[in-house]
Amino acid sequence: MINRRTFSKALGLGTGAAAASLAGLQGLPTASAATQNGTTAPTALTVTPGRHTSFATLKQIKAGLLDIGYAELGPAHGPVVICLHGWPYDIHSFVDVAPLLAAEGYRVIVPYLRGHGTTRFLSSRTFRNAQQSAIALDIIALMDVLKIEKAVLAGFDWGSRTADIIAALSPERVKALVSVSGYLVTNLEANKQPLPPKAEYAWWYQYYFATERGRLAMEDKTKRHDLTRLVWDTVSPTWGFDDATFERTAAAFENPDYADIVIHNYRWRLSLADGERRYDRFEKQLAARPVIAVPAITLDAEHDPFTAPGDGSSYRDRFTGKYDHRTLKGIGHNVPQEAPTAFAQAVIDVDHF
């Protein structure tokens, strides 16, 4: 469990006892309807993807190892939803989702992950680490400094992994979960085994980043721009985004730590780069594939090349609380930006399980 004592120790801010062991629930209940206290969940407004192009204001706050940039919408005292982006994306993945949730009375927080946008490390001496538990602890630090005890977490790609980890190790901080692609907690030992060739093909850039050529490409502004644009085109083949939409997000890749964070993330996942010992206790717990007991909705996108076959069956046993799985037809990898109404509705529904 990631609690304040183990969190502080992980960041080198103090001492604390070892993390408590995880305990999973038995059985696999499924939510039959999105209701809370007998009340049906409201229906999100329908929005055409791309209706919104920016957030009105951005905020900055020091949290843990970072000075985190984030967007915030909705009433200050509303129930909190934290939306977490992936790679190669940024907070604009939620530029249409956030207003929909704010209109339903939610306080919506959309942070730039470490190495992205206006988020900066507080110290030049901090190792630019992108292992999974480090990123999860960033979000817990943000919740602590914003005095958010519990929130609905909703994410895709890196954001799904981060939300899954917090839900598994600190369920007391998570009211409910929306996770695109389901259970994405990385098991380093299992990750050493090859996938079917078609799945490996989709991960071409992961292997590119394992080389010096890939690192140099991420450090070169033009090559980074073209590489990330290629990823957008290939993993969202039915999304008719324009150049301006991509450029708004690509601006977040100009962060001085971007290349280091991206390269470390993918090399660490292939066991080609070391993490930090202060996170070992969390990685050990995550290697055991802990269950997620909070209410959850998992989303799979029909045209996402990373969607596992079987309509969520491969990870169903990892979700032991109230649960629903949805497949989004005609949608690619960037689910919240391609299908903002469906994503927002999943958040509203899971909050009413």
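Everything numeric in this text was worked out from a predicted model, so none of it was measured.

**Things to note about the overall build of the protein**
Move 1: Tallying secondary structure elements over the protein gives 13 helices and 11 strands in all.
Move 2: Classification of the 353 residues of the protein by burial places 57% in the buried group.
Move 3: The long-range share in the protein, meaning contacts at least 24 apart out of those at least 6 apart in sequence, stands at 79%.

**Concerning the pairing of strand β8 (residues 151–155)**
Move 1: Counting buried positions along β8 yields five of five residues, so the element is predominantly enclosed.
Move 2: Residues Ala 151, Leu 153 and Gly 155 line one face of β8 and the alternating positions Val 152 and Ala 154 line the opposite face, and both faces are buried.
Move 3: Pairing analysis gives four bridges linking strand β5 (residues 80–84) to β8, with the strands arranged parallel. Its bridge partner lying in β8, Val 81 is registered against Val 152.

**Considering the side chain of Asp 138**
Move 1: Within the element layout of this structure, Asp 138 appears in helix α3 (residues 132–145).
Move 2: The buried category is assigned to Asp 138, whose relative accessible area is 5%.
Move 3: Sequence-distant contacts of Asp 138, defined by excluding residues within four places in its chain, comprise Leu 66, Ile 68 and Arg 114.

**With respect to the side chain of Asp 300**
Move 1: By secondary structure assignment, the location of Asp 300 is in strand β10 (residues 296–301).
Move 2: For Asp 300, which is buried and forms no salt bridge, the nearest opposite charge comes from Lys 329, at a distance of 10 Å.
Move 3: At a separation of 3.2 Å, a polar atom in the side chain of Asp 300 contacts the side chain of Tyr 315.
Move 4: Setting aside anything within four residues of it in sequence, one finds Asp 300 in contact with Ser 181, Thr 307, Ala 308, Asp 311, Gly 312, Tyr 315, His 325, Arg 326, Thr 327 and Leu 328.

**Side note on helix α10 (residues 258–269)**
Residues lying three or four places apart along an α-helix face the same way, a consequence of the helix completing one turn every 3.6 residues.
Move 1: Between its first and last C-alpha, α10 extends 17 Å over 12 residues, near the 16 Å set by a 1.5 Å rise per residue.
Move 2: Of all 12 residues making up α10, 11 are buried, and the element is well covered by its neighbours.
Move 3: All of the buried residues in α10 are Tyr 258, Ala 259, Ile 261, Val 262, Ile 263, His 264, Asn 265, Tyr 266, Arg 267, Trp 268 and Arg 269.
Move 4: In the stretch just after α10, Ser 271 is the one whose phi turns positive, near 60°.

**Remarks on the nonpolar core**
Move 1: In this structure, Ile 82, Trp 87, Leu 101, Leu 177, Phe 209, Met 218 and Phe 343 are the most contacted members of the largest nonpolar core, which totals 109 residues.
Move 2: Sort the elements by how many residues they give to this core and α3 lands first, with nine residues.
Move 3: Not counting chain neighbours up to four residues away, the residues in contact with Met 218 comprise Trp 87, Phe 209, Arg 224, Leu 227, Tyr 258, Ala 259, Val 262 and Ile 263.

**Some words on the packing of helix α7 (residues 212–219) against helix α8 (residues 221–235)**
Move 1: Between α7 and α8, whose axes approach to 5 Å, the crossing angle comes to 100°. On the basis of the axis angle, α7 is roughly perpendicular to α8. From α7, Ala 217, Met 218 and Glu 219 reach across to α8, where they touch Lys 221, Lys 223, Arg 224 and Leu 227.
Move 2: Grouping the constituent residues of the contact of α7 with α8 by class yields three nonpolar, no polar and four charged.

**Looking at the pattern of salt bridges**
Move 1: A complete count under the given rule lists 16 salt bridges for this structure.
Move 2: The closest approach of N and O atoms between Arg 128 and Asp 257, which form a salt bridge, is 2.9 Å. Of this pair, Arg 128 sits in the loop between β7 (120–121) and α3 while Asp 257 sits in the loop between α9 (243–250) and α10, placing them 129 residues apart in sequence. An identical accessibility class is assigned to Arg 128 and Asp 257; each is buried.
Move 3: Connected via shared salt-bridge partners are Lys 59, Glu 72 and Arg 107.

**Focus on the environment of Pro 79**
Move 1: Within the element layout of this structure, Pro 79 appears in the loop between β4 (66–73) and β5.
Move 2: Taking relative accessible area as the criterion, Pro 79 reaches 41% and is therefore assigned partly exposed.
Move 3: Sequence separation between Pro 79 and Asp 351 is 272 residues; the distance between their C-alpha atoms is 9.5 Å.
Move 4: Once residues within four sequence positions are removed from consideration, Pro 79 is found in contact with Gly 105, Tyr 106 and Arg 107.

Basis of the calculations
Residues numbered from 1 in each chain as written. Predicted model: local features only at pLDDT ≥ 70, side-chain atom pairs only at ≥ 80, totals over all residues. Heavy atoms only, no water. Helix = DSSP H or I, 4+ residues; strand = E, 2+ residues; numbered from the N terminus. Buried < 20%, exposed > 50% of the residue type's maximum accessible area, 1.4 Å probe, protein only. Contact = heavy atoms within 4.5 Å. Pairing = 2+ DSSP bridges. Lys, Arg positive; Asp, Glu negative; His and termini not counted. Salt bridge = Lys/Arg side-chain N within 4 Å of Asp/Glu carboxyl O. Polar contact = N/O pair within 3.5 Å; in protein donor to acceptor, adjacent residues only side chain to side chain. Expected span 1.5 Å × (residues − 1). Core = buried A, V, L, I, M, F, W, Y, C linked by side-chain atoms within 4.5 Å. Axes fitted to C-alpha atoms, helices over the stretch in contact; angles between N-to-C directions. Parallel < 35°, antiparallel > 145°, perpendicular 65-115°, else oblique. Nonpolar A, V, L, I, M, F, W, Y, C, P; charged D, E, K, R; others polar.

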